[in-house]
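Overview (structure and organization)
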Amino acid sequence: MEKEYVRCQIEDGIAIVTIDNQAALNALNNQTLTQLDKTFDDLARNPEVKGVIITGAGEKSFVAGADISEFLKVSGAEAPESMGRGQRIFDKIEAFDRPVIAAINGFTLGGGNELAMCCDIRIASENAIFGQPEVNLAIIPGYGGTQRLPRLVGPGKAKEIIFADERINAQEALRIGLVERVVPKGQAVEEARKLLKKILSKGPVAIKMAKKAINDGLKMPLAEGLKWEALCSGVCFSAEDKDEGARAFLEKRPAQFKGK
Ligand code: COA
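A brief report on the enclosed structure follows. (Residues numbered from 1 in each chain as written. Predicted model: local features only at pLDDT ≥ 70, side-chain atom pairs only at ≥ 80, totals over all residues. Heavy atoms only, no water.)

Let us now look at helix α2 (residues 79–95). Taking 1.5 Å per residue as the helical rise, α2 with its 17 residues ought to reach 24 Å, and the 24 Å between its terminal C-alpha atoms agrees with that figure. Regarding α2, the residues found buried are G84, G86, I89, F90, I93 and E94. Of the surrounding secondary structure, the elements contacted by the buried residues of α2 are α1 (30–44), β3 (51–56), β5 (100–104), α3 (111–117), α4 (145–153) and α8 (204–217). (Helix = DSSP H or I, 4+ residues; strand = E, 2+ residues; numbered from the N terminus. Expected span 1.5 Å × (residues − 1). Buried < 20%, exposed > 50% of the residue type's maximum accessible area, 1.4 Å probe, protein only. Contact = heavy atoms within 4.5 Å.)

Attention now goes to the site of the ligand. Taken together, 16 residues are adjacent to the ligand, and A23, K60, A64, A66 and I68 come closest. A64 has a polar backbone atom sitting 2.9 Å from a nitrogen atom of the ligand. In this structure, a nitrogen atom belonging to the ligand sits 2.9 Å away from a main-chain N or O atom of I68. With the chains in place, 57% of the 860 Å² that the ligand exposes on its own is no longer accessible. Considering only residue class, the shell around the ligand consists of twelve nonpolar, one polar and three charged. (Near = heavy atom within 4 Å. Polar contact = N/O pair within 3.5 Å; in protein donor to acceptor, adjacent residues only side chain to side chain. Areas by Shrake-Rupley, 256 points an atom, 1.4 Å probe, with all protein chains shown as cover. Nonpolar A, V, L, I, M, F, W, Y, C, P; charged D, E, K, R; others polar.)

Turning our eyes to something else, we now look at the sheet that holds strand β4 (residues 61–63). If you trace the four strands from one edge of the open sheet to the other, you get β4-β6-β8-β9, paired in mixed fashion. The sheet terminates laterally at β4 and β9 (168–169), the two strands that pair on one side only. Direction of pairing for strand β8 (residues 129–131) relative to β9: antiparallel, over a ladder of two bridges. Along β9, the bridge assignment pairs F130 with I168. (Pairing = 2+ DSSP bridges.)

Core analysis: the largest hydrophobic core is formed by 43 residues, its most contacted members being L36, F40, V52, I54, F90 and L115. Take this core: its biggest share by element is four residues, from α1. In this structure, L36 is in contact with V6, V17, I19, I89, F90, I93 and L115, ignoring residues within four places of it in sequence. I53, I101, V183 and I199 belong to the second largest nonpolar core, which has twelve residues in total. (Core = buried A, V, L, I, M, F, W, Y, C linked by side-chain atoms within 4.5 Å.)

Direction vectors running N to C along α1 and α2 enclose 30°, while the axes themselves pass 10 Å from each other. Regarding the angle of α1 to α2, the classification is roughly parallel. Of the two possible hands of crossing, α1 and α2 adopt the one that is left-handed. Residues N30, L33, T34, L36, D37, F40 and D41 of α1 form the contact with α2, whose own contacting residues are R85, I89, F90, K92 and I93. (Axes fitted to C-alpha atoms, helices over the stretch in contact; angles between N-to-C directions. Parallel < 35°, antiparallel > 145°, perpendicular 65-115°, else oblique. Left-handed = near helix turned anticlockwise from the far one by under 90°.)

With 15 residues, α1 should reach 21 Å at 1.5 Å per residue; the first-to-last C-alpha distance of 21 Å fits that figure. Along α1, the positions that sit buried rather than exposed are T32, L33, Q35, L36, T39, F40 and L43. The arc enclosing the buried residues of α1, seen along the axis, measures out at 165°, which places them on a common side. Those residues of α1 hidden inside the fold are in contact with β1 (6–11), β2 (14–19), β3, α2, β5 and α3. (Arc of directions from axis to C-beta.)

A few words on the pairing of strand β7 (residues 121–125). By the criterion of burial, β7 is predominantly enclosed, with four of the five residues buried. Bridge count between β7 and strand β10 (residues 181–183): three bridges; the pairing is parallel. Following the sheet pairing, S125 is matched in β10 by V183.

Right, let's get into the packing of α4 against helix α5 (residues 155–164). For the pair α4 and α5, interaxial distance at closest approach is 7 Å and the crossing angle is 130°. Relative to α5, α4 is oriented oblique. Considering only the axes of α4 and α5, their crossing is right-handed. Together, G145, T146, L149, P150 and V153 of α4 and P155, K157, A158, I161 and I162 of α5 make up the contact between the two elements. By residue class, the composition of the contact of α4 with α5 is seven nonpolar, two polar and one charged.

Glancing now at the pattern of salt bridges. Counted under the stated rule, the structure contains 25 salt bridges. As a salt-bridge pair, K92 and D37 come within 2.5 Å of each other at their nearest N and O atoms. Of this pair, K92 sits in helix α2 while D37 sits in helix α1, and the two are 55 residues apart along the sequence. You can call D37 partly exposed: its relative accessible area is 22%. A salt bridge links R98 to D97, with the nearest nitrogen and oxygen atoms 2.7 Å apart. A residue is classified by how much of its surface remains accessible, and D97, at 34% relative accessible area, is partly exposed. Beyond isolated ion pairs, a larger network of salt bridges with shared partners links K157, E160, E172 and R175. (Salt bridge = Lys/Arg side-chain N within 4 Å of Asp/Glu carboxyl O.)

Spelled out as structure tokens, the structure:
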């Protein structure tokens, strides 16, 4: 029977996806990537799921990178497809139409940092350590690290991290914008759950369209992004929830959003 490297638990509309390969500090092997991909396909089809938290099993590691033991099998000719596969899975997580929060609990290296960066928001335990150590193996980040890291922290900081394998602790990650919150050890999932509950109390169509406007807009020049924002606003203004939001405000009562 195939080993289960990705666990998914759904409670009160929140899916907690846990990468669980603790013997290898939750490194992402091929099977883990396949299971992660399938998990997000299943979640996308499940309307009960309103938001997702991704975390790593145990206190020591979020994800310590791609599984290095599999690298010996990958040739130069095969690498673009192999990296492209990881990129497609991480793109799928980034484009997931509901909010996704990374609850980071320890080593967040290589593919682990790349996984965290494709989430909408990152919450780190104070023991988290971030890095892109690929150059130690004479390769470069291949699951999006050379692209998402400079977009988050700027090209100079990204080059420092990638060229020199500079490891970043949680406070420094907060300072440079690699994470949004730092919490005491062991509390990242709880903090992510609290934040997600707050997000889920808002108009669901608005959250979905805000994510689309931000993510798609980041790939566009400003003028195009502004047009896209206006079109995304049109979707919100067409939804039933828009009138409920305004009425609830005027009637001084909590809004009852339907997500329609
Ligand atoms: N791929 C495969 N196995 C990994 C791994 C990875 N990315 N990261 C850790 N492991 C394995 C180790 O080989 C070790 O296995 P073993 O017990 O069978 O020897 C186990 O996880 C525990 O790791 P260990 O190195 O003993 O723990 P540590 O506390 O001394 O060091 C790290 C922790 C994260 C600093 C260290 O494991 C490390 O540098 N990992 C590689 C990180 C990396 O380069 N990631 C990017 C890959 S592109």
